[in-house]
Amino acid sequence: MAPAASSDAQPALCVDLDGTLVKSDTLIDSILTLVRHHPAALVRLPGWLMEGKAPLKRHIANIVQLDAAHLPYNRVLLQYLEQQQAAGRPLYLATAADSSTAHTVATHLCLFSGVFASDGDTNLSGNNKLAAFQRQFGENFSYIGNARADLPILRVCREPMVANPTPGLSSALRGAGITPARVFTERTSALKSWPKAIRIHQWAKNLLIFLPLLLAHMRTPGLVAAAVLAFFSFSLCASATYIANDLLDLNADRQHPRKRRRPFAAGDLSAFAGIATALVFLAVSAALALAIPQTIAHFSPGFALVRPYHFLFWLVIYAITTLAYSLYLKRVVIVDVIVLSGLYTIRILAGAAATGVPVSTWLAGFAVFFFLSLAFVKRFAELEGLRERGGASASGRGYHIADIEQLRTFGSASGYVSVAVLTLYISNLDAAALYTHAHRLWLLVPVLLLWISRLWLEASRGQLNEDPVVYAITDRRSLLLGIIVVAIVLSAL
């Protein structure tokens, strides 16, 4: 698609791609896709970097091709461009991205008369881009950009416009006395995006860390403080892994009807910010984990952990397992749900390690089957949603629609087995040793049966949003049943 000359009466409108027409950076998106699908190519990345930006982009584009249909476009700008094209104005895509990426986007949108892009030798950014415009149009062009590198072009173009401008560009424009003719803003605020990105609602899972301490009926100040530190340490680590998972799954998430709204997939947060935040979270998480033995010694001088840094061991196991899950295990049928249920159980083991309270065989047995049921219902709900949309197999997963009944059987059976383990515990002398009125714990059985049955019934009706944790903390009946469970346990003490 070769650029054509523009008439004096109708200035060409040149539009940047990264951060402007698309809210993300296609180079970073491509590198993340490279990490996800072609990790062996990473060893060649330093050599490509030494060749320069344009060769780097060409090498990556030769391996990775982004799905132009699902990129996070700035819809406000896109609507304006459609209006301008309908009015007969010549539009040009002008980007520092590699030409193959640029042409893929241009072909998909069918809006542009021509494309300016990096060619493997020249990185078409800043003054290089301006020189290309002047050779083609003279001074008869308008431009839409978003970054400080666009300032030289915005200074001389006929009609300077910006889309989701960076703070650096906004400051530079004010300093230069340039007022954009139009501003195309489409981005969710960081205050709304970051809680979603770090999945703060998922921190509810990490309350499992307190379970060994609570079930042992221990209130030692040092152990309670250690559990609190462990909770925040694990939560920060988990949030870091959620960010890593989202960054590695950008392409798959953008094709999903719900996950495409996640902050990184939607382009509301930059990948750079995500990587930096994940690293900071991991550092703080490790610092909190290392502080647990000193915290116990401070609040409970007479108590010391036999293995002071065993919590850190489980934290590392969790992080490694989660990374392995994101990169590979999530695509292995059945193994993925076993890993998911194991990640729940690791939280309990981590809580035990942080407080020095051993996990009973009863708790371990209950946890294995109960969390396996939750993992199966998550996969089941995904397939149920896929069936409603007319799909045949889950993207990035190994499951097919034909597997749905088998998953229902596996999951519901696991849930009921967990209740059976609970009944065996209640009838055992171990429960009588901890509870004055242990017979009252039998009231937990119908409550748990009701919740598990209702969970699977709603999943079968397509009313579960693919995440049982979100369901548990937002469903009023689930919250009511949770209150009843607490009341029963307290009455049995």
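For the structure, see preceding data.
Small disclaimer: the values here were computed from a predicted structure and weren't measured.

## Topic: the side chain of Asp336
Part 1: Along the chain, Asp336 falls in helix α16 (residues 335-355).
Part 2: A residue is classified by how much of its surface remains accessible, and Asp336, at 0% relative accessible area, is buried.
Part 3: There is a polar contact of 2.6 Å between the side chain of Asp336 and the side chain of Arg379.
Part 4: Residue contacts for Asp336: discarding those within four places in its chain leaves Tyr325, Leu329, Lys330, Arg379 and Tyr399.

## Description of the environment of Ile484
Part 1: Among the secondary structure elements, Ile484 is positioned in helix α22 (residues 476-492).
Part 2: The spatial distance from the C-alpha of Ile484 to the C-alpha of Leu444 is 8.6 Å, given a sequence separation of 40 residues.

## Examining unusual backbone geometry
Part 1: A positive phi angle, close to 60°, is found at His217, a residue other than glycine.
Part 2: Here His217 lies in the loop between α10 (211-215) and α11 (221-248).
Part 3: In this structure, Ile334 takes a positive phi of about 70° despite not being glycine.
Part 4: Structurally, Ile334 can be placed in the loop between α15 (310-327) and α16.
Part 5: Exposure remark for Ile334: the relative accessible area of 29% places this residue in the partly exposed category.

## Quick notes on empty space enclosed by the protein
Part 1: The tally for this structure, following the rule as stated, stands at one cavity of 30 Å³ or more.
Part 2: Size it by volume and the largest cavity reaches roughly 90 Å³.
Part 3: Around the largest cavity, the lining residues are Asp18, Thr26, Leu27, Ser30, Lys57, Ile60, Ala61, Val64, Ala97, Asp98 and Thr101.
Part 4: Every element with two or more residues in the lining of the largest cavity is listed here: α1 (26-37), α3 (53-63) and β2 (91-98).

## Thoughts on the pairing of strand β1 (residues 12-15)
Part 1: Covered by surrounding structure in β1 are Ala12 and Cys14 together with Leu13 and Val15, the residues of both alternating faces.
Part 2: As judged from the four bridges shared by β1 and strand β4 (residues 141-145), these two strands associate in the parallel manner. Bridged to Val15 within β4 is Ile144.
Part 3: Bridge analysis of β1 against β2 gives three bridges, and the strand direction is parallel. Each residue of the ladder has a partner; that of Cys14, found in β2, is Tyr92.

Reading the values: the criteria
- Residues numbered from 1 in each chain as written.
- Predicted model: local features only at pLDDT ≥ 70, side-chain atom pairs only at ≥ 80, totals over all residues.
- Heavy atoms only, no water.
- Helix = DSSP H or I, 4+ residues; strand = E, 2+ residues; numbered from the N terminus.
- Buried < 20%, exposed > 50% of the residue type's maximum accessible area, 1.4 Å probe, protein only.
- Polar contact = N/O pair within 3.5 Å; in protein donor to acceptor, adjacent residues only side chain to side chain.
- Contact = heavy atoms within 4.5 Å.
- 1 Å grid on protein atoms, 1.4 Å probe; cavity = no way out; pocket = protein on both sides within 12 Å on 5 of 7 lines; lining within 4 Å.
- Points joined across faces, edges and corners; volume = space filled by probe spheres on them.
- Pairing = 2+ DSSP bridges.

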